[in-house]
Amino acid sequence: MEHTNVFELECCGICEERKKEGIHLYTMFICTECEYNMIHTEPREEKYNYYLRKLKNMNQPKLYS
Ligand SMILES: [Zn+2]
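- Named according to an unreviewed UniProt entry, the chain is Anti-sigma-G factor Gin originating from Oceanobacillus kimchii.

Put into structure tokens, the structure is as follows:
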């Protein structure tokens, strides 16, 4: 069985690119690259806040508009 079908590509919630491999965190798909980057980013780095913001957005239910 092959799983290289283009329809199986998911949009990464961090880099917003379509990737084949990654993890699901709650409702968000995070590609392996971003997952790796997140793990290896230290809190003092600017990127860290970027990831944090993305993750926070994900957790907020859109109840009130
Ligand atoms: Zn990504």
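1. Things to note about the overall build of the chain
Point 1. If you tally the helices and strands in the chain, you get 2 helices and 4 strands.
Point 2. Sequence separation of at least 24 residues holds for 25% of the intrachain contacts in the chain that already meet a minimum separation of 6.

2. Side note on the side chain of Lys19
Point 1. Here Lys19 is to be found in strand E2 (residues 18-19).
Point 2. According to the relative accessible area criterion, Lys19 is buried, its value standing at 16%.
Point 3. Separated by 3.4 Å, the side chains of Lys19 and Glu33 make a polar contact.

3. Re the pattern of salt bridges
Point 1. Tallying each qualifying case throughout the model produces 4 salt bridges.
Point 2. Residue Lys54 pairs with Glu16 through a salt bridge whose shortest N-O separation is 2.7 Å. Of this pair, Lys54 sits in helix H2 (residues 46-59) while Glu16 sits in the loop between strand E1 (10-11) and E2, and the two are 38 residues apart along the sequence.
Point 3. Of the residues examined, Lys54 reaches a relative accessible area of 16% and is grouped as buried.
Point 4. Note that Glu42 and Arg44 form a salt bridge whose closest N and O atoms lie 3.0 Å from each other.
Point 5. Overall, the relative accessible area of 40% leaves Glu42 in the partly exposed class.

4. Some remarks on unusual backbone geometry
Point 1. With a phi close to 60°, Glu16 is a non-glycine residue in the positive phi region.
Point 2. We note that Tyr26 has phi near 55°; this positive angle belongs to a residue other than glycine.
Point 3. You can see Tyr26 is positioned in the loop between strand E3 (22-25) and strand E4 (28-31).

Criteria and thresholds
Within every chain, residues take consecutive numbers counted from 1 along the sequence as written. The predicted nature of this model means local features are confined to residues of pLDDT at least 70 and side-chain atom pairs, given and counted, to a pLDDT of 80 or more, with totals for whole chains, interfaces and linings taken over all residues. With hydrogens and water excluded, all non-hydrogen atoms of the structure serve as input to the side-chain values. Going along the chain from the N terminus, every DSSP run of H or I of four or more residues is numbered as a helix, and every run of E of two or more is numbered as a strand. Contacts: residue pairs with any heavy atoms within 4.5 Å of one another. Think of it in three bands: residues with accessible area under 20% of the maximum for their type are buried, residues over 50% are exposed, and the middle band is partly exposed, with areas taken using a 1.4 Å probe on protein chains only. Throughout this description, a polar contact denotes any pair of N or O atoms lying within 3.5 Å of each other; where both atoms belong to protein, one of them has to be capable of donating a hydrogen while the other can accept it, and for residues adjacent in sequence the pair is counted only when both atoms sit in side chains. Whenever Lys or Arg places a side-chain nitrogen within 4 Å of a carboxyl oxygen from Asp or Glu, that contact is recorded as a salt bridge.

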